[in-house]
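# Structure at a glance
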Amino acid sequence: MIIECIGSPFTYRWPDGEVHLSRGRPVDLPDDRAARLLAKAPGRVRVVKAATRSASQLTGQIVTWDSPLFGLLSATVHEDFQHGVKVIHPLTDLPCVIPRTWLCFTAFTAFRRDKS
């Protein structure tokens, strides 16, 4: 299950490991651990869900895009839409939808922008 922190950052520890949670950085946890964390920290974490399931699910992945205003930027995908992806903008710290046509191929993404 992919979850993310919606409040101040914190570290969740259990006998076999730990994970640091911070706003805008979804993490994939085993379903049992995620369920326990959601029960222990209500209002501090949320489940990240895609609004629509597409052939290439990007929720939780880091994407890079070529913004006409800011140049190359990267962020973690919160929701995967048919027309774009929802991210927390790295410069404004606000949620925004990045059009799929802006996505670029990098070592961290599965998309390539066709410049033809």
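For the structure, see preceding data.
Residues numbered from 1 in each chain as written. Predicted model: local features only at pLDDT ≥ 70, side-chain atom pairs only at ≥ 80, totals over all residues. Heavy atoms only, no water.

### Quick word on the pattern of salt bridges
Definition in use: When a carboxyl oxygen of Asp or Glu lies within 4 Å of a side-chain nitrogen of Lys or Arg, that pair is called a salt bridge. Each helix is a run of H or I in the DSSP string that is no shorter than four residues. Each strand is a run of E no shorter than two, and both are numbered from the N terminus. The rule is simple: take the accessible area with a 1.4 Å probe, protein chains only, and divide by the maximum for that residue type; under 20% is buried, over 50% is exposed, in between is partly exposed.
The final tally for this structure, using the stated rule, is five salt bridges. The partner of Arg 23 in a salt bridge is Asp 93, and the shortest N-O contact between them spans 3.2 Å. Taken together, the residues Arg 23 in the loop between strand 3 (17–21) and strand 4 (27–28) and Asp 93 in the loop between strand 8 (84–88) and strand 9 (95–99) connect sequence positions 70 residues apart. Looking at Asp 93, the relative accessible area reads 42%, which means it is partly exposed.

### Some details on the sheet that holds strand 6 (residues 62–67)
Heads up, the condition is: The criterion for strand pairing is that DSSP finds at least two bridges linking the strands in question.
Strand order in this open sheet of five strands is 9-8-7-6-10, and the pairing throughout is antiparallel. For this open sheet the edge positions go to strand 9 and strand 10 (103–104), each flanked by a neighbour on one side alone. Sheet analysis places strand 6 next to strand 10, joined by two bridges and oriented antiparallel. Residue pairing for strand 10: Thr 64 is matched across the bridge by Cys 104.

### Considerations on the pairing of strand 6
Sheet topology note: the strand 6/strand 7 (residues 71–80) ladder contains six bridges and is antiparallel. When the bridges of strand 7 are listed, Val 63 appears paired with Ala 75. Linkage of strand 6 to strand 7, two consecutive antiparallel strands, is achieved through a turn of three residues.

### Section: the sheet that holds strand 1 (residues 2–5)
Short version of the rule: Here a residue-residue contact requires only that any non-hydrogen atoms of the pair lie within 4.5 Å. Note on definitions: angles span 0 to 180 degrees between N-to-C directions of axes, and those axes are lines fitted to C-alpha atoms, for helices only across the stretch in contact.
Within the open sheet, the three strands sit side by side as 4-1-5. Their pairing is antiparallel. The strands lining the two open edges of the sheet, one partner per strand, are strand 4 and strand 5 (45–47). Two elements, strand 1 and strand 4, share two bridges in a ladder whose sense is antiparallel. Of the residues in strand 4, the one forming a bridge with Ile 2 is Asp 28. On the sheet, helix 1 (residues 31–40) packs against strand 1 and strand 5 and is oriented at approximately 135 degrees with respect to strand 5.

### Points about helix 1
Quick note on the threshold: Comment: arc refers to directions from the helix axis out to C-beta atoms.
Turning to helix 1, its buried residues are Arg 33, Ala 34 and Leu 37. Looking down the long axis of helix 1, one finds its buried residues gathered within 100 degrees of arc, a one-sided arrangement. Turned more than 90 degrees off the buried face of helix 1, the exposed positions are Asp 31 and Ala 39. Turning to helix 1, the residues buried within the fold contact strand 1, strand 2 (10–14), strand 3 and strand 5.

### Points about a nonpolar patch on the surface
This is how the line gets drawn: What makes a patch is a set of residues exposed beyond 30% relative accessible area and free of salt bridges, joined within 9 Å when like-charged and within 5 Å when nonpolar (Val, Leu, Ile, Met, Phe, Trp, Tyr). All accessible areas in this document rest on Shrake-Rupley with a 1.4 Å probe, and a residue is counted as covered only by the protein chains that are shown.
A surface patch of nonpolar side chains, amounting to about 340 Å² of accessible area, comprises Leu 69, Phe 70 and Leu 91. The exposure class assigned to Phe 70 is partly exposed, which follows from its relative accessible area of 41%.

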